[in-house]
Amino acid sequence: MSSKGAFKFQEFEAHIAAVRCLAIGRKSCQVIATGGEDKKVNVWAVGKMQPLLRLTGHTTTVESVAFDVDEEVVVAGAESGTVKLWDLEQAKAIRTLLGHRSPCVSVEFHPFGDFFASGSLDTNLKIWDIRRRSCIQTYKGHSDAVTAIRFSPDGKWVATASKDSTVKVWDLTAGKLLTELQHDGPVSCLDFHPSEFLLATGSDDRIARVWDMDRFSLLSQVCPIKHMHQPHLLLNFETL
């Protein structure tokens, strides 16, 4: 791990109201999408102070955003439960998808193919087919909000974090639950390792856990330092 200190590379006013979500394009790592309480999706080039695009059309707060693998489309979930797909070349919404009854607080593109997932306060995970313009699978099982979603790198599984203190891992081919992993508080974030069969999860219980997905067993965990202020975890393997 590098011992270099961090410094502020860039600061800009992304929205005229609170910024609710953001995502970095993983192909180039040079573009950022943000969503805000001003009901807009803005797209930025890293290092630039003015947005490349200001996308308007949502009628409520934008709660979640994600790029597709080619950074050509952004999916955005809104407080209304509506999901919109934005074509960045055309700078317009090409799909408006309805299905969630509560705010859509997490979205994620499948690593292969024209699919994406959305999670909501309505406790459901939905898998959408962009070409069919419809939901092709709804996974039910959480008893509280789905707060985060990640597809496995091979695209065969999808994991969901929830306020019900669990992480559920679903088999996309079989369309069923594979396993359930437990925390002692609401789970706010998770991420698959890009090359190892590992899943990291973080919770309001102040513990980050790493799971062996071959055995569905706990591999290690990081516990809080006594007297530290409770952090809000934003977890990905690039920071571990």
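Provided above is the structure to which this section pertains.
Residues numbered from 1 in each chain as written. Predicted model: local features only at pLDDT ≥ 70, side-chain atom pairs only at ≥ 80, totals over all residues. Heavy atoms only, no water.

Student: I'm lost on the sheet that holds strand β20 (residues 217–222) in this one. Help?
Tutor: Think of a sheet as strands paired side by side through backbone hydrogen bonds, with each pair either parallel or antiparallel. Strand order in the open sheet formed by 4 strands is β17-β18-β19-β20, and the pairing between neighbours is antiparallel. Looking at strand neighbours, the two that pair on one side only are β17 (187–192) and β20, the edges of this open sheet. Strand-to-strand, the axes of this sheet are offset by a mean angle of 20°, without reference to chain direction. Pairing of strand β19 (residues 208–212) with β20, which is carried by 5 bridges, proceeds in the antiparallel orientation. The residue of β20 that forms the bridge with A208 is V222. (Pairing = 2+ DSSP bridges. Helix = DSSP H or I, 4+ residues; strand = E, 2+ residues; numbered from the N terminus. Axes fitted to C-alpha atoms, helices over the stretch in contact; angles between N-to-C directions.)

Student: I tried to follow the pairing of strand β12 (residues 134–139) on my own but got confused; where do I start?
Tutor: Two faces make up the sheet, and in a regular strand the side chains alternate between them. The pairing of strand β11 (residues 125–129) with β12 spans 5 bridges and is classified as antiparallel. By the bridge assignment for β12, I127 is matched with Q137. The antiparallel hairpin formed by β11 and β12 contains 4 residues in its connecting segment, where R133 sits at a positive phi of about 60°.

Student: Before we go on, may I ask you to explain the packing of aromatic side chains in this structure?
Tutor: What characterises a pair of aromatic rings is the spacing of the ring centres plus the angle enclosed by the ring planes. Counted according to the given criterion, the structure contains 5 aromatic pairs. Measuring from ring centre to ring centre gives 5.8 Å for F109 and F116, while their planes differ by 55°; the resulting arrangement is tilted. For the pair F109 and F116, one class covers both residues: buried. Aromatic side chains W157 and F197 sit 5.2 Å apart centroid to centroid with 40° between the ring planes, which places their arrangement in the tilted category. Taken as a pair, W157 in strand β14 (residues 157–162) and F197 in the loop between β17 and β18 (198–203) lie far apart in primary sequence, 40 residues in all. The exposure class assigned to W157 is buried, which follows from its relative accessible area of 13%. Residue F197 is classed as partly exposed on the basis of its relative accessible area, which comes to 33%. Cluster of aromatic residues (ring-pair linked, three or more members): F109, F116 and W128. (Phe/Tyr/Trp six-rings, centres within 6.5 Å; stacked < 30°, edge-to-face > 60°. Buried < 20%, exposed > 50% of the residue type's maximum accessible area, 1.4 Å probe, protein only.)

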